[in-house]
Structure formats: structure tokens, C-alpha cells
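Okay, here's what each chain looks like letter by letter:
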Amino acid sequence: AQTVTQSQPEMSVQEAETVTLSCTYDTSESDYYLFWYKQPPSRQMILVIRQEAYKQQNATENRFSVNFQKAAKSFSLKISDSQLGDAAMYFCAYRTGPNFGNEKLTFGTGTRLTIIP
Amino acid sequence: DVKVTQSSRYLVKRTGEKVFLECVQDMDHENMFWYRQDPGLGLRLIYFSYDVKMKEKGDIPEGYSVSREKKERFSLILESASTNQTSMYLCASSPSSRRGIAEQYFGPGTRLTVT
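Quick look at the structure, then. Everything numeric here is computed off the predicted structure, so don't read it as measured data. (Residues numbered from 1 in each chain as written. Chains lettered and ligands numbered in written order. Predicted model: local features only at pLDDT ≥ 70, side-chain atom pairs only at ≥ 80, totals over all residues. Heavy atoms only, no water.)

Counting its secondary structure elements, chain A contains 0 helices and 12 strands. Whereas a compact globule of 117 residues would reach a radius of gyration of roughly 13 Å, chain A reaches 14 Å, a difference of no more than 12%. For chain A, the residues scored as buried account for 46% of the 117 residues in total. In chain A, once contacts between residues fewer than 6 apart in sequence are set aside, the share between residues at least 24 apart is 56%. Of the accessible surface of chain A, which amounts to about 5,700 Å², a share of 44% is contributed by carbon and sulfur atoms. In chain A, which carries 11 positive and 11 negative side-chain charges, the distance between the mean positions of the two groups comes to 4 Å. (Helix = DSSP H or I, 4+ residues; strand = E, 2+ residues; numbered from the N terminus. Rg over C-alpha atoms; globule rule 2.2 N^0.38 Å. Buried < 20%, exposed > 50% of the residue type's maximum accessible area, 1.4 Å probe, protein only. Contact = heavy atoms within 4.5 Å. Areas by Shrake-Rupley, 256 points an atom, 1.4 Å probe, with all protein chains shown as cover. Lys, Arg positive; Asp, Glu negative; His and termini not counted. Charge placed at Lys NZ, Arg CZ, Asp CG, Glu CD.)

Have a look at this one:
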């Protein structure tokens, strides 16, 4: 079974600075997806960024980027120019590759990010 | 925009009651999921369904059952609520892998308290 580990329960960063959230995973599969989800306080979980394992290029979405190291099974999230609205719980998640009937996500335990004004 | 709605944001029930949590999605997604979220444990999958009337156990199905009679609706049932089922419950949906979209879309969650 796949496992996802987020070793930083809490992190904080000064507004406008850069922060990196860590995620490692364990799998024997070669084709899979990795995600970062954001859950703001009392608000809905939303997708931040997605990475397909077969793609060597790291995904980027505006101020959010990932460092995907397939051999090391590492998938960190970098947030540049941190803003107050980035304060949230961040979850790393793993999904096996295209496989009808087995499309569930395995989540890490989350990292609570605080932005310091 | 994909919309996933859950019937209640907050729910308080007594031990032994039968509890129904409802989830509806409006994007014709094949897959629907029920997760439980607890501090320090992340999200854990209770049940999922990849088609009407189909269901699969997740990692923590004990004490729960589900029903999917229509494609857009996925219900989580606590047959006899217990205090250790006090938690946040999140519903999610996603299209089939055949559509090439891998991510799941989440509802706002139901915070259930069992007293």
C-alpha cells in the first residue's frame, strides 16, 4: 500500500517570503499522480497543483511550484511571495495512475501554514 | 465550476442514533468518495463508489455504510453512531480516469459531534 508522509505538522513564514513544504511517499508503482491540496480555515479543500509521475518537468501554478524527485520519492511544494491568503492546512496526496475503479487518494497528515504579517 | 455540496455543515447526534450524511455533485462525475478528517491523521478514506450502486471499502469502513442510488448522490450512513465517530466528514467526486482528469473535488465538510 502506498503511504504519504508530511514531516512538518506546522510551519510559519513571513509575508512576501518563500516557504517550502515537504512530502515524501512510498510506492512500487511507476505511473501515478501527486497533488497538493489547500484547506483554508473553515473553508473547502481546493487543489493547488498536480504532477504526473511520467513528466520530468516540475509543475508550476503562479506562485506555487513543486520539486518532484521521482527517484527519491519526494514531492515538495514551494510557495513564493507568501500572502496572508495562503494561510491554510496543506495536504500532499498520491493517486495511482489511470486505473478505472481504483482512483482513490492517499493523503499525508497535513502541514498547517501560518503567514506572519 | 464543479460543485460538491453536503447536506449539513454541523450536526449533533446522540450515541446509538442512525445518521445520514448526504453528498451531491453536479458535474456528472463517475467517482464519489467519503473521507474522515481528524487532527494529526489527515484524511482517511471510508468508502468510495465508481458507479451507481457500486461501492468499495476504503481504509476505515467499520461502523459505516454507503448508498449510491443515483449518479449525483452518495450517502454515508452511520448505523449506530458512537462517540469515536465524532469527526469532520468530507465528500469528494472525480471523473473517471478515462476522461483524463485525475484530481478530486471536495465538498465543504460536515462536522459531526456524537454525544
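Attention now moves to the overall build of chain B. Within chain B one finds 0 helices and 11 strands. In sequence order, the secondary structure elements of chain B are arranged as β-β-β-β-β-β-β-β-β-β-β. Taken against the 2.2 N^0.38 rule, which gives 13 Å for 115 residues, the C-alpha radius of gyration of chain B at 13 Å falls within 12% of a compact globule. Residues classed as buried in chain B amount to 53% of the 115 residues present. Sequence separation of 24 or more characterises 57% of the internal contacts of chain B that already satisfy a separation of 6 or more. Across chain B, the 17 positively charged side chains and the 15 negatively charged ones have centroids separated by 4 Å.

Backbone hydrogen bonds hold the strands of a sheet together, and the pairing may be parallel or antiparallel. Residue and element names in this part refer to chain B. Strands sit in the order 1-3-8-7 across an open sheet of 4 strands; the sheet is antiparallel. Edge strands, defined here as strands with exactly one partner in the open sheet, are strand 1 (4-6) and strand 7 (64-70). This sheet shows a mean twist of 20° between the axes of neighbouring strands, independent of strand direction. Relative to strand 8 (residues 73-78), strand 7 runs antiparallel, the two sharing 5 bridges. Bridged to Ser65 within strand 8 is Ile77. (Pairing = 2+ DSSP bridges. Axes fitted to C-alpha atoms, helices over the stretch in contact; angles between N-to-C directions.)

Contact with chain B, which involves 28 residues of that partner, is made by 21 residues of chain A. For the pair chain B and chain A, the two sides together bury roughly 2,000 Å², of which 53% comes from carbon and sulfur. The largest share of the area that chain B buries against chain A comes from B:Ser97, B:Ala102 and B:Phe106, three residues that together contribute 26% of it. Counting across the chain B and chain A interface gives 1 salt bridge. As a salt-bridge pair, A:Arg50 and B:Glu103 come within 2.9 Å of each other at their nearest N and O atoms. Summed over the shared surface of chain B and chain A, the number is 6 residue pairs in polar contact (both at pLDDT 80 or more). (Buried area = accessible area lost by both parts, 1.4 Å probe. Salt bridge = Lys/Arg side-chain N within 4 Å of Asp/Glu carboxyl O. Polar contact = N/O pair within 3.5 Å; in protein donor to acceptor, adjacent residues only side chain to side chain.)

What follows deals with the pattern of salt bridges. Applying the stated criterion to the full structure yields 12 salt bridges over all chains. With a closest N to O distance of 3.0 Å, B:Lys71 and B:Asp28 form a salt bridge. Of this pair, B:Lys71 sits in the loop between strand 7 and strand 8 while B:Asp28 is found in the loop between strand 3 (19-25) and strand 4 (31-38), placing the two residues 43 residues apart along the sequence. With a closest N to O distance of 2.4 Å, B:Glu69 and B:Lys53 form a salt bridge. Here the residue B:Glu69 occupies a position in strand 7, and B:Lys53 occupies one in the loop between strand 5 (42-49) and strand 6 (56-57), the gap between them amounting to 16 residues. Comparing B:Glu69 with B:Lys53, the two get one shared label, exposed. Among the charged side chains, a salt-bridge network with shared partners connects A:Arg50, A:Glu52, A:Lys55 and B:Glu103.

So, to be careful, I would describe these as geometric facts and stop short of saying anything about function.
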